[in-house]
Amino acid sequence: MQNHKKFIDYVVALAEKNVKKGIGGPFAAAIVKNGRIISCGYNGVTSKNDPTLHAEIDAIRKAAKKLETFDLRGCVIYASCQPCPMCFSAVYWANIKKIYYAASKENAAEYGFRDEKIYKELKTKITSVKMINIKDKNYLNPFKVWNLKEDKIKY
């Protein structure tokens, strides 16, 4: 538990520094493997005009590049706040099995962030974002080509 607190304290301090420098929101994350920090990520949504530049996404991208793999199995992620649904999905796709976080999605909501609202919306069948399925005659072609590819790397 001592190491977990050390890494949480570290990402919370990084998040505070991120805000003070005017880089982005109050979020930071670190990818850790075998007790060693592999990468750190910061929220840069507003400074980079990139709605996907969340701390967890940034940390995952950097760790994958450094480790030269898309599969971050064996790593854990420490975040200054509970990951939003997008970041949770990225953690899932990266095969990271543990997320340690400080502030909750409810805490983030108290400060005007939409994480909790998105989580609630995902639980309903009716959302504010409409998803409309349009199938043309070739809609499965990419999957058919993928299926025939002999040197594909499954993920």
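Engineer: What am I meant to see in the sheet that holds strand β2 (residues 36–42) here?
Structural biologist: To summarise the sheet geometry, strands pair through backbone hydrogen bonds and adopt either a parallel or an antiparallel arrangement. Spatially, β2-β1-β3-β4 is the arrangement adopted by the four strands of the open sheet, whose pairing is mixed. With partners counted over all chains shown, the strands left at the sheet margins are β2 and β4 (99–103), one partner each. Across the sheet, the axes of successive neighbouring strands diverge by a mean angle of 15°, strand direction being ignored. Looking at chain direction, strand β1 (residues 28–33) and β2 are connected through six bridges and run antiparallel.

Engineer: I keep staring at the pattern of salt bridges and nothing clicks. Help me out?
Structural biologist: Two side chains of opposite charge can pair, provided their charged atoms sit close to one another. As enumerated under the stated definition, the model contains seven salt bridges in all. Across the pair R73 and D71 runs a salt bridge, and its minimum N-O distance is 2.8 Å. Look at R73 and you get partly exposed, because its relative accessible area is 48%. With its nearest N and O atoms 3.7 Å apart, the salt bridge here joins E106 to K105. Residue E106 is classed as partly exposed on the basis of its relative accessible area, which comes to 35%.

Engineer: What is the right way to look at the nonpolar core in this model?
Structural biologist: Of all hydrophobic cores here, the largest spans 21 residues; its most connected members are A29, I31, I60, L72, I77 and I96. When contributions to this core are tallied by element, the ones reaching two or more residues are β1, α3 (55–67), β3 (75–81) and α4 (85–93). Of all the elements, α3 adds the most residues to this core, at five residues. Beyond its immediate chain neighbours, meaning those up to four positions away, L72 contacts I60, A63, A64, L67, A94, N95 and I96.

Engineer: Would you mind showing me how to read the layout of surface pockets here?
Structural biologist: If a probe the size of a water molecule is rolled over the atoms, the empty space left behind becomes visible. Of the pockets and cavities examined, the largest pocket occupies roughly 450 Å³. Taken together, 21 residues make up the lining of the largest pocket; nearest its centre are H54, C84, F113, R114 and D115. The set of elements that each furnish at least two residues to the lining of the largest pocket consists of α2 (45–48), α3, α4 and α6 (115–122). Broken down by element, the residue count for the lining of the largest pocket peaks at three residues, all from α4.

Engineer: I tried to follow the packing of aromatic side chains on my own but got confused; where do I start?
Structural biologist: How two aromatic rings sit relative to each other is given by the distance of their centres and the angle of their planes. This structure, assessed with the given rule, holds four aromatic pairs. Taking 4.9 Å as the distance between ring centres and 45° as the angle between the ring planes, the aromatic pair formed by F7 and Y78 counts as tilted. Taken together, the positions of F7 in helix α1 (residues 2–20) and Y78 in strand β3 put the pair 71 residues apart, joining distant regions of the chain. Considered together, F7 and Y78 belong to a single accessibility category, that of buried residues. Aromatic pair Y92 and W93: ring centres 6.2 Å apart, planes at 90°, arrangement edge-to-face. Here Y92 falls in the exposed class, since its relative accessible area comes to 57%. What links up through ring pairs into an aromatic cluster is the set F7, Y78 and Y100. The side chain of K105 reaches across the aromatic face of Y119, ending 5.1 Å from its centre. Its end group placed over the ring of W146, K152 keeps NZ or CZ at 5.9 Å from the ring centre.

What counts and how
- By convention here, each chain's residues receive numbers from 1 onward along its written sequence.
- Per-residue local features are limited, in this predicted model, to residues with pLDDT of at least 70; the limit for side-chain atom pairs, both in listing and counting, is 80 or more; totals at the level of whole chains, interfaces and linings are taken over all residues.
- Neither water nor hydrogens contribute to the side-chain values; these are computed over all heavy atoms in the structure.
- Being paired, for any two strands, means DSSP has found at least two bridges between them.
- Working definition: helices are DSSP H or I runs of at least four residues, strands are E runs of at least two. Numbering for both runs from the N terminus.
- Only the stretch in contact is used when a helix axis is fitted, and all axes are lines through C-alpha atoms; the angle between N-to-C directions ranges over 0 to 180 degrees.
- What counts as a salt bridge is simple: a side-chain nitrogen of Lys or Arg found within 4 Å of a carboxyl oxygen of Asp or Glu.
- Each residue is placed in one exposure class: buried if its accessible area under a 1.4 Å probe, protein chains only, is under 20% of its type's maximum, exposed if it is over 50%, and partly exposed if it falls in between.
- The definition of a nonpolar core used throughout is a set of buried Ala, Val, Leu, Ile, Met, Phe, Trp, Tyr and Cys residues joined through side-chain atoms within 4.5 Å.
- Whether two residues touch is decided by their heavy atoms; if any such pair falls within 4.5 Å, the residues are in contact.
- Residues are called lining when one of their atoms sits within 4 Å of a cavity or pocket point, these points coming from a 1 Å grid over the protein atoms alone, where a cavity is a set in which a 1.4 Å probe fits but cannot get out and a pocket is an open set with protein on both sides within 12 Å along at least five of seven lines.
- Grid points are joined across faces, edges and corners, and a volume is the space filled by probe spheres set on the points.
- Two rings belonging to Phe, Tyr or Trp (six-membered ring only in the last case) form a pair when the distance between their centres is within 6.5 Å. Interplanar angles under 30 degrees mark stacking, angles over 60 mark edge-to-face geometry, and anything in between is tilted.
- Think of it as a cone above the ring: NZ of Lys or CZ of Arg counts as a charge over the ring if it is within 6 Å of the ring centre and within 35 degrees of the ring normal.

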